[in-house]
Amino acid sequence: MSPAVEIQGLQKRYGTVEAVKQVSLSIQPGEIFGLLGPNGAGKTTTIRCLCTLTKPDAGILKVNGVSVLERPRLARQYLGYIAQEVALDKVLTGRELLQLQAALYHIPAKVAKARIDQMLALLDIAAYGDQKTGTYSGGLRKRLDLAAGLLHQPDVLVLDEPTVGLDIESRAAIWQFLRQLKAAGTTVLITSHYLEEIDALADRVAIIDRGEVIATGTPSDLKDKVGGDRITLRIREFTSGDEAESARQLLEPLDFVQEVIVNPAQGNSLNLVVDPQSDALLNVQQALKQSGLPVFGISQARPSLDDVYLAATGRTLIDAELAAVGSRDLKAERKQQMKGVS
Ligand SMILES: Nc1ncnc2c1ncn2[C@@H]1O[C@H](COP(=O)(O)OP(=O)(O)OP(=O)(O)O)[C@@H](O)[C@H]1O
């Protein structure tokens, strides 16, 4: 069976910006596949190329074995795309908007009516179907986007940051819905810069940074590979640099400690990477006690996907996000995207 989605050697630049340098990935039918990376990493560009909305400079893109570049119409039948922000026509009701979408996909009127009712019920928005979309909350709008994207019953649903700006309840409802879709056999490709979203949903993940895939695997395999548990230690609420440094010198030689980093951005807390043994926490506390150093707070955790990102790039996802802010002209990008295929 051919993969549901295959991307090989994708490249795309905008002027001097290399939005996608080298992206290759293969997604099996029925998988939820997460594309994780900070803002500006190239996630949107990758999926816009896949969904025939942006023309790549190089690369092979296939859906159900069909070349997206050679047979875009057929590929679009297989794909449902939920953009980050959708400009809904606010004077139409939800139902009218879905009717319009059905017509765009040439779904016969009778079939369309039944499907629209089914989608409204499935997404739990039947009660709002006859209200103007201008009155919808963010969560409702996103559910309507999902209904619209699924109306033609695509094999592969592609979602760009589907829960940005949503409250926790709406986010949970969307996660549950995506799991139901997977159970029904739909392949889901989701981009996100929320670690916990990808961790909770994705069967496999590709971490993307500056237009390149830097790691691929199941979330647990990736976390296992970076190895070690993480201990976060605060000597005092605000520890002096000197005291943190002496704690570092005390802890680093311990045989179960792999690495100790002092984090000045967080009150000189110490981040330790330790062998995943159950008594590491206890041993650290004992060593501090013997040296007369207090403990304000201490916790141990398994590595997160952020640790995977940190190990591969030398910076955390949050730092990368902050670096991306301000270096982009989002207005100009949106304008260009509105113009259509770029
Ligand atoms: N239409 C455009 N014109 C010029 N530059 C663009 C355009 N679209 C994207 N870029 C640039 O390409 C790079 C990748 O952007 P892209 O939107 O693909 O990233 P992303 O990971 O999806 O981030 P976000 O989630 O914020 O959209 C960024 O540096 C961005 O500024």
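The name given to the protein in an unreviewed UniProt entry is ATP-binding cassette domain-containing protein, with Almyronema epifaneia S1 as the source organism. According to UniProt, the comment filed for the protein under the heading Sequence similarities (unreviewed entry) is "Belongs to the ABC transporter superfamily. Drug exporter-1 (DrugE1) (TC 3.A.1.105) family."

Caption draft 1: Geometry of the overall build of the protein. From N to C terminus, the protein includes 13 helices and 14 strands. Within the protein, the fraction of its 342 residues that count as buried is 45%. Long-range pairs, those at least 24 residues apart, make up 68% of the contacts in the protein between residues at least 6 apart in sequence. As presented, the protein carries roughly 17100 Å² of accessible surface, and 51% of it is formed by carbon and sulfur atoms. Taking the average location of the 38 positive side-chain charges in the protein and that of its 41 negative ones, the two points are 9 Å from each other.

Caption draft 2: Representation of the nonpolar core within the structure. Among the nonpolar cores identified, the biggest contains 44 residues, and Leu-98, Leu-146, Leu-157, Leu-159, Leu-178, Ile-190 and Ile-207 are the most heavily contacted of them. With six residues, helix 5 (residues 138–150) is the largest single contributor of residues to this core. If sequence neighbours within four positions are ignored, Ile-190 has contacts with Ile-32, Phe-33, Gly-34, Leu-35, Leu-159, Pro-162, Leu-178, Glu-197, Ile-198 and Leu-201. Grouped together as the second largest cluster of nonpolar side chains are 25 residues, Leu-25, Leu-35, Ala-75 and Leu-189 included.

Caption draft 3: Geometry of the pattern of salt bridges. In total, this model carries 16 salt bridges according to the counting rule given. We note a salt bridge from Lys-43 to Glu-161, for which the minimum N-O separation is 3.7 Å. Residue Lys-43 is found in helix 1 (residues 43–50), and its partner Glu-161 is found in the loop between strand 7 (156–160) and helix 6 (168–183); the two are separated by 118 residues along the sequence. Each member of the pair, Lys-43 as well as Glu-161, carries the same accessibility label: buried. Among the ionic pairs, Lys-182 bridges to Asp-203, the shortest N-O distance being 2.9 Å. You can see Lys-182 sitting in helix 6 and its partner Asp-203 sitting in the loop between helix 7 (195–201) and strand 9 (204–209), a full 21 residues away along the chain. When salt bridges that share partners are traced, they join Arg-95, Lys-113, Asp-117 and Asp-130 into one network.

Conventions adopted
- Residues numbered from 1 in each chain as written.
- Predicted model: local features only at pLDDT ≥ 70, side-chain atom pairs only at ≥ 80, totals over all residues.
- Heavy atoms only, no water.
- UniProt positions renumbered as here; feature names shortened; annotations may be inferred.
- Helix = DSSP H or I, 4+ residues; strand = E, 2+ residues; numbered from the N terminus.
- Buried < 20%, exposed > 50% of the residue type's maximum accessible area, 1.4 Å probe, protein only.
- Contact = heavy atoms within 4.5 Å.
- Areas by Shrake-Rupley, 256 points an atom, 1.4 Å probe, with all protein chains shown as cover.
- Lys, Arg positive; Asp, Glu negative; His and termini not counted.
- Charge placed at Lys NZ, Arg CZ, Asp CG, Glu CD.
- Core = buried A, V, L, I, M, F, W, Y, C linked by side-chain atoms within 4.5 Å.
- Salt bridge = Lys/Arg side-chain N within 4 Å of Asp/Glu carboxyl O.

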